[in-house]
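Chain by chain, the residues:
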Amino acid sequence: MNRTCLAVVLAAGDSTRMKSSMSKVLHPVGGRPMIAHVMASIAASGVSDVALVLGRDAEKVEKAASIEGLAVEGVLQTERLGTGHAVLMAKEAIARGYDEILVAYGDVPLITAAPLKAAREALAGGADVAVIGFHTDNPTGYGRLLVEDGELIAIREEKDATDAERAVTWCNSGLMAIDGKKALDLLSRIGNQNAKGEYYLTDLVEIARSLGGKAVAVDAPESELTGCNNRAELAVIERLWQERRRHELMVSGVTMIAPETVFLSHDTVIGQDALIEPNVVFGPGVTVEGGAVIHAFSHLEGAHVAAGANVGPFARLRPGANLAEGAKVGNFCEVKKAEIGRGAKVNHLTYIGDAVVGAETNIGAGTITCNYDGVNKHETHIGAGAFIGSNSSLVAPVKIGDGALIASGSVITEDVPADALAFGRARQEMKPGRAAVIRERNLAIKAGK
Ligand code: UD1
Ligand code: MG
């Protein structure tokens, strides 16, 4: 499409029903502010210029909306006089003369590029206004799309509708495309003589037709057009987003045994043939390569899991955890800011933080890297092919060489050279027969009571 387009995104609402200390468009979906989802879909539809209509939390909203590939200019709407009034806040930008104006809402975050493109194509096909509509069993509160002979003749707001019009189940999503050369003229003709006393953007349909123009509606799935007014709707949007993203990953070759229990972030990357068991949570910044297995009840954030690596069950990978090919982090282990080398094993009840673990090294159960002295963090470097005996504490900063062996239960405070055996524990003493003596004495005391 060579036609130029300006997107006008409405995000000036007060978010009263959210009962929140911040604008609703800043609330995250898949770990990313709602407004950023809208912006990403606008960018994906081939539009790069955006006028963002701001009200509450203007600075924060503009920052959250400024994603790569978009030129976003914020315009302030100081009074909420309706959607038609809101779009006109972008008057200066519109006056620059785009072929098309695309209106989107900051609180309708599940929209994809496809309906936006379809609305723009309808303009290219000769319409002055192309509204994105959806069919629903529950139309209450939405403007209804009134159609005659295949043409959209009006959008009737619920409060202004007759009973017959309220029975219509084809609804206005609020999103629409407007002929850019006519937009300012059409918008300036909107009045506020209606039940709410607001400037309704939806009046554009009748205004365009009264001037001899044409309006059409394009259909889109209801699941993309769910709006967010309160926390219950936010939870519905989160569910729909999770379902969509899981589906995308599964059709791209990721196995999920119980997908409804897997929670993804907007930037979660999972490769083909990876297996994700039930009840796994992906915080932001996780990459899992093909063929890796994430066992049940694991929590990952800011981590990278290479091909064929194994995580969990019940493992926690925190930011900076980087597992090389075939590495294994097992149950009740926590890894933070640490490289786990190729084929290395961290299998049970262990904390590895601020560390490097060499290839094929085995970390025994209950090993702790003591990385924090109460003020500063320190690093532990463990070479390749080393063996750390169970229940050892490695007090950082400390280095353990390739092939070194640490005796179980050691507290290691000094560097251990390659291939050395280090003991950091009290030597075992043996008292033959002494247990029996103590037992007899204790039994005698009990009998004498
Ligand atoms: C609007 C549509 C309705 C549609 C519904 C879909 C109109 C007149 N009605 O109704 O047909 O079915 O959306 O959800 O357009 N906003 C501003 N400034 C304003 C007014 C609104 O930025 O002055 C923003 C709001 O924050 C919101 C969006 O525009 O993101 C829609 O406004 P809202 O008041 O929710 O419109 P509805 O009454 O829901
Ligand atoms: Mg609304």
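All residue numbers refer to position in the chain's written sequence, counted from 1. A letter from A marks each chain and a number from 1 marks each ligand, given out in the order of writing. For a predicted model such as this one, the threshold for reporting local features is a pLDDT of at least 70, and the threshold for listing and counting side-chain atom pairs is 80 or more; totals across whole chains, interfaces and linings nevertheless cover every residue. Hydrogens and water molecules were not included; the side-chain quantities draw on all heavy atoms of the structure.

1. Topic: the UniProt feature "binding site: Mg(2+)" (unreviewed entry) in the protein chain
Right, so step 1: The UniProt record annotates "binding site: Mg(2+)" (unreviewed entry) at Asp107 and Asn229. A stretch of 123 residues holds the annotated residues, and the largest C-alpha distance among them is 7.7 Å, short enough that they meet in one place.
Right, so step 2: Going along the chain from the N terminus, every DSSP run of H or I of four or more residues is numbered as a helix, and every run of E of two or more is numbered as a strand. One can find Asp107 in the loop between strand S6 (100-105) and helix H5 (113-124).
Right, so step 3: Throughout, a contact is declared for two residues whenever any of their heavy atoms are within 4.5 Å. When neighbours within four sequence positions are excluded, Asp107 is seen to be in contact with Lys24, Val25, Met34, Thr226, Gly227, Cys228 and Asn229.
Right, so step 4: Structurally, Asn229 can be placed in the loop between strand S11 (215-219) and helix H9 (231-251).
Right, so step 5: Aside from chain neighbours lying at most four places away, what touches Asn229 is Arg17, Met18, Lys24 and Asp107.
Right, so step 6: A polar contact of 3.2 Å, which involves the side chain of Asn229, links it to the side chain of Arg17. UniProt positions are given in the numbering used here, feature names are shortened, and annotations may be inferred rather than shown by experiment. We define a polar contact as two N or O atoms separated by no more than 3.5 Å, with the added condition that, inside protein, one atom must be a possible hydrogen donor and the other a possible acceptor, whereas residues neighbouring each other in sequence contribute only through side-chain atom pairs.

2. Details of the pairing of strand S26 (residues 351-357)
Right, so step 1: Only protein chains enter the calculation, and the probe is 1.4 Å; a residue is then buried if its accessible area is under 20% of its type maximum, exposed if over 50%, and partly exposed in between. Extensive coverage of S26 is indicated by the burial of 6 of its 7 residues.
Right, so step 2: At least two bridges found by DSSP between two strands are what make those strands a pair. Strand direction decides the pairing type here: strand S24 (residues 334-340) and S26, joined by 6 bridges, are parallel. Looking across to S26, one finds that Ile340 is bridged to Val357.
Right, so step 3: Bridge count between S26 and strand S29 (residues 380-382): 3 bridges; the pairing is parallel. Across the sheet, residue Val357 finds its bridge partner in S29, namely Ile382.

3. Let's talk about the site of ligand 1
Right, so step 1: Contacts to ligand 1 come from 19 residues, most closely from Gln77, Thr83, Gly143, Glu157 and Asn172.
Right, so step 2: Take Gly82: an N or O atom from its main chain is 2.9 Å from an oxygen atom of ligand 1.
Right, so step 3: In this structure, an oxygen atom belonging to ligand 1 sits 3.4 Å away from a side-chain N or O atom of Tyr105.
Right, so step 4: The Shrake-Rupley method, run with a 1.4 Å probe sphere, supplies the accessible areas, and residue values consider only the shown protein chains as cover. Considered on its own, ligand 1 offers 750 Å² of accessible surface; in the complex 85% of this is hidden by protein.
Right, so step 5: Contributing elements (two or more residues each) for the shell around ligand 1: helix H3 (83-88) and strand S10 (170-179).
Right, so step 6: Within the shell around ligand 1, the residues separate by chemical class into 7 nonpolar, 8 polar and 4 charged. Working definition: residue near molecule or strand if any one of its non-hydrogen atoms lies within 4 Å of it. Amino acids outside the nonpolar list (Ala, Val, Leu, Ile, Met, Phe, Trp, Tyr, Cys, Pro) and the charged list (Asp, Glu, Lys, Arg) are all regarded as polar, and Gly is one of them.

4. Focus: H5
Right, so step 1: The end-to-end C-alpha distance of H5 is 17 Å, a good match for the 16 Å that 12 residues give at a rise of 1.5 Å each.
Right, so step 2: Turning to H5, its buried residues number three or more, namely Ala113, Pro115, Leu116, Ala119, Arg120, Ala122 and Leu123.
Right, so step 3: Immediately beyond the C-terminal end of H5, within one or two residues, lies Gly126, with a positive phi of roughly 115°. To estimate the expected span of a helix, subtract one from its residue number and multiply by 1.5 Å.

5. Here we look at the state of the cysteines
Right, so step 1: Disulfide assignment relies on a single distance test, namely cysteine sulfur atoms paired within 2.5 Å. Within this structure, the stated rule accounts for 0 disulfides.
Right, so step 2: There is no disulfide at Cys228, and the cysteine sulfur nearest it, in Cys171, is 18 Å away.
Right, so step 3: For Cys228, a relative accessible area of 0% translates into the label buried.

6. Digging into the domain arrangement of the protein chain
Right, so step 1: Bear in mind that the domain bounds are from an automatic or database domain assignment. Here the protein chain is partitioned into domain 1 (5-225) and domain 2 (242-422).
Right, so step 2: On the domain 2 side, the residues contacting the 7 residues of domain 1 number 5 residues.
Right, so step 3: Both faces combined, the contact of domain 1 with domain 2 buries some 390 Å², and carbon together with sulfur accounts for 48% of it.
Right, so step 4: Inspection of the domain 1/domain 2 interface yields 2 residue pairs in polar contact (both at pLDDT 80 or more).
Right, so step 5: By residue class, the composition of the side of domain 1 that touches domain 2 is 1 nonpolar, 4 polar and 2 charged. A 1.4 Å probe defines the accessible area here, and the buried area is the portion of it lost by two parts on being joined, summed over both.

7. As for the packing of aromatic side chains
Right, so step 1: Pairing of aromatic rings covers Phe, Tyr and Trp, the last through its six-membered ring, and needs centres within 6.5 Å; plane angles under 30 degrees mean stacked, over 60 mean edge-to-face, and all others mean tilted. Considering all chains together, one arrives at 3 aromatic pairs under this definition.
Right, so step 2: Seen in terms of ring centroids, Phe134 and Tyr142 are 5.0 Å apart; in terms of plane orientation they differ by 90°. Their pairing is edge-to-face.
Right, so step 3: The class for Phe134 is buried, based on a relative accessible area of 1%.
Right, so step 4: Each ring, one from Phe297 and one from Phe314, has its centre 4.9 Å from the other, and the planes form 5°; the classification is stacked. With Phe297 in the loop between strand S17 (293-294) and strand S18 (299-300) and Phe314 in the loop between strand S20 (310-311) and strand S21 (316-317), this pair connects stretches of sequence that are 17 residues apart.
Right, so step 5: An aromatic cluster of three or more residues is present, and its members are Phe297, Phe314 and Phe332.
Right, so step 6: Charge over a ring is defined by NZ of Lys or CZ of Arg lying within 6 Å of the ring centre and within 35 degrees of the ring normal. A cation sits over an aromatic face here: Arg246 above Phe263, 5.4 Å from the ring centre.
Right, so step 7: Against the face of Tyr372 rests Lys377, its NZ or CZ located 5.1 Å from the ring centre.

8. Here's the deal with the packing of helix H1 (residues 34-44) against helix H2 (residues 58-65)
Right, so step 1: Whenever a helix is involved, its axis is fitted only over the stretch in contact; in every case the axis is a line through C-alpha atoms, and angles between N-to-C directions fall within 0 to 180 degrees. Here H1 crosses H2 at 40°, and the two axes come no closer than 8 Å. Here H1 lies oblique to H2, going by the angle between them. Judged by the sense of rotation from one axis to the other, the crossing of H1 with H2 is right-handed. Here Ile35, Ala36 and Met39 of H1 lie close against H2, whose contacting residues are Val61, Ala64 and Ala65. The scheme is simple: roughly parallel for angles under 35 degrees, roughly antiparallel for over 145, roughly perpendicular for 65 to 115, oblique for anything else. Left-handed is the label given to a crossing in which the near helix is rotated counterclockwise from the far helix by less than a right angle, and right-handed is the label when the rotation is clockwise.

9. Observations regarding the packing of H1 against H5
Right, so step 1: Relative orientation of the contacting elements H1 and H5 amounts to 50°, with a least axis distance of 8 Å. Considering the angle they form, H1 stands oblique to H5. Crossing of H1 against H5: the hand is right-handed. Between H1, through Ser41, Ile42 and Ala44, and H5, the contact on the second element is made entirely by Ala113, Leu116 and Lys117.
Right, so step 2: Each residue belonging to the contact of H1 with H5 can be placed in one class, and the counts come to 4 nonpolar, 1 polar and 1 charged.

10. Overview of helix H10 (residues 434-447)
Right, so step 1: In this model, H10 (14 residues) spans 20 Å end to end at C-alpha, consistent with the 20 Å of a helix rising 1.5 Å per residue.
Right, so step 2: Burial analysis of H10 places just 0 of its 14 residues in the buried class, a small minority of the element.

11. Considering the pairing of strand S5 (residues 71-76)
Right, so step 1: One ladder, built from 6 bridges, connects strand S4 (residues 49-54) with S5; its direction is parallel. Bridging across to S5, Asp49 finds its partner in Ala71.
Right, so step 2: Orient the strands so they point away from the viewer; a crossover is then right-handed if the path from the first strand over the helix to the second runs clockwise. In this fold, the crossover linking S4 to S5 by way of H2 has right-handed handedness.

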